[in-house]
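Okay, here's what each chain looks like letter by letter:
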Amino acid sequence: MNYITVNSYKELSAKAAQLIASVVTLKPDCVLGLATGSSPVGTYDCLTEMYEKGMLDFSKVTSVNLDEYVGLSGDNDQSYRYFMNENLFNHIDIPMENTHLLNGEAKDPEAECKAYDEAIKNAGGIDIQVLGIGRNGHIAFNEPDEALIAPTHKTGLTADTIDANSRFFESADLVPKYALTMGMASIFGARKIILLANGASKAQAVKELRNDEIKTSNPSTLLKLHPDVTIICDKEAFGE
Ligand code: GLP
C-alpha cells in the first residue's frame with residue numbers, strides 16, 4: 001500500500017482530485033467508484049473547480065456509488081443520491097443517467113444488489129474507487145464482523161456507525177438502521193483504490209491498517225490484499 005501523508009484537509013482533497021483527474025484524462029469513458037461522507041467533499045469541490053476551468057470533461061464518465069441507506073428516497077436530503085447530486089453531479093457535465101446509486105427503496109433489495117454488481121461488471125469494472133473509512137474501520141457499509149460479505153448486499157449498521165452518522169440527522173433515532181452496500185468483492189474489483197482519512201477519530205482504524213494484520217473486525221485491513229491502494233491521510237489520522 002502506498003501512503004501519502006498531507007498537512008491539511010485541503011491538501012488531501014487536492015491530491016485525491018489529482019489522482020481521479022488523471023484517470024478521467026487518460027480514459028474519458030472511465031468508471032468512477034464514488035463515496036459519500038465528509039471525507040470526499042473537498043475532493044469533489046476540487047474536481048468541480050477543474051471542470052469549471054475546462055481541465056476535465058465528465059461527459060463520457062460513468063459513476064457507481066458505494067452505498068445507500070435503506071428506506072430513503074433520492075430526494076430525501078439525507079440520502080446518498082441527494083448528497084452526490086448536491087456535492088458533485090449537479091456541478092459537472094456527467095450525464096445523470098450515467099450516475100448509479102443503489103436504490104434504498106427497492107422492493108426486492110436482494111435483486112437490486114445483484115443487478116448492481118451485474119451493472120458494474122457490464123460497465124467494464126471500476127477504474128478508480130474512492131473510499132472513506134469509518135472510525136471503526138468500516139469501508140462503504142461493510143461493518144466489523146466475524147465474516148464479511150463479498151457481493152453487494154443489505155446490511156445492518158452498528159451502533160458506532162449510527163452514532164457517527166447521527167451528526168447529519170436531527171437525532172440518532174432518524175438514522176436508518178439498514179443500508180445497501182457494495183461488498184468487499186465489489187470494492188476489490190476496482191483496478192485502483194484511494195482511501196481518504198483525516199482527523200484523529202480515524203487514527204486507531206488507520207493504525208490497524210498500517211500494521212501487518214488482516215482482520216474482519218477492521219474491514220479496511222483487507223485492503224492489504226489489493227495490488228493498487230493509495231491511502232491519503234493527514235498527520236492526525238496517520239498517528240503523528
Ligand atoms: C459512512 C459511509 C462510508 C464513509 C464513512 C466515513 O458510514 N457509508 O462510505 O467512508 O461514513 O465518513 P466520513 O468521511 O464522514 O468520516
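Residues numbered from 1 in each chain as written. Predicted model: local features only at pLDDT ≥ 70, side-chain atom pairs only at ≥ 80, totals over all residues. Heavy atoms only, no water.

### Thoughts on the pairing of strand β8 (residues 178–181)
Across three bridges, the pairing between strand β4 (residues 67–69) and β8 is antiparallel. Residue pairing across strands places Glu-68 opposite Leu-180, the latter belonging to β8. One ladder, built from four bridges, connects strand β7 (residues 153–156) with β8; its direction is antiparallel. Within the sheet, the bridge partner assigned to Lys-154 lies in β8 and is Leu-180. (Pairing = 2+ DSSP bridges. Helix = DSSP H or I, 4+ residues; strand = E, 2+ residues; numbered from the N terminus.)

### Points about the site of the ligand
Taken together, 13 residues surround the ligand, and among them Ser-38, Ser-39, Asp-67, Arg-167 and Lys-202 come closest. Backbone polar atom of Ile-133 to an oxygen atom of the ligand: 3.4 Å apart, as the coordinates give it. (Near = heavy atom within 4 Å. Polar contact = N/O pair within 3.5 Å; in protein donor to acceptor, adjacent residues only side chain to side chain.)

### Considerations on helix α4 (residues 109–122)
For α4, spanning 14 residues, the distance from its first C-alpha to its last is 20 Å, which sits close to the expected 20 Å at 1.5 Å a residue. When α4 is considered as a whole, its buried residues turn out to be Glu-112, Cys-113, Tyr-116 and Ile-120. One side of α4 holds all its buried residues, which, seen down the axis, span an arc of 95°. Pointing more than 90 degrees away from the buried face of α4 are the exposed residues Glu-110, Lys-114, Lys-121 and Asn-122. Looking at the buried residues of α4, the elements they touch are β3 (62–65), β5 (99–100), β7 and β8. Once α4 finishes, Gly-124 follows within two positions and takes phi at roughly 100°, a positive value. (Expected span 1.5 Å × (residues − 1). Buried < 20%, exposed > 50% of the residue type's maximum accessible area, 1.4 Å probe, protein only. Arc of directions from axis to C-beta. Contact = heavy atoms within 4.5 Å.)

### Brief notes about unusual backbone geometry
The phi torsion at Ala-140 lies on the positive side, around 55°, for a residue other than glycine. What makes Ala-140 buried here is its relative accessible area of 9%.

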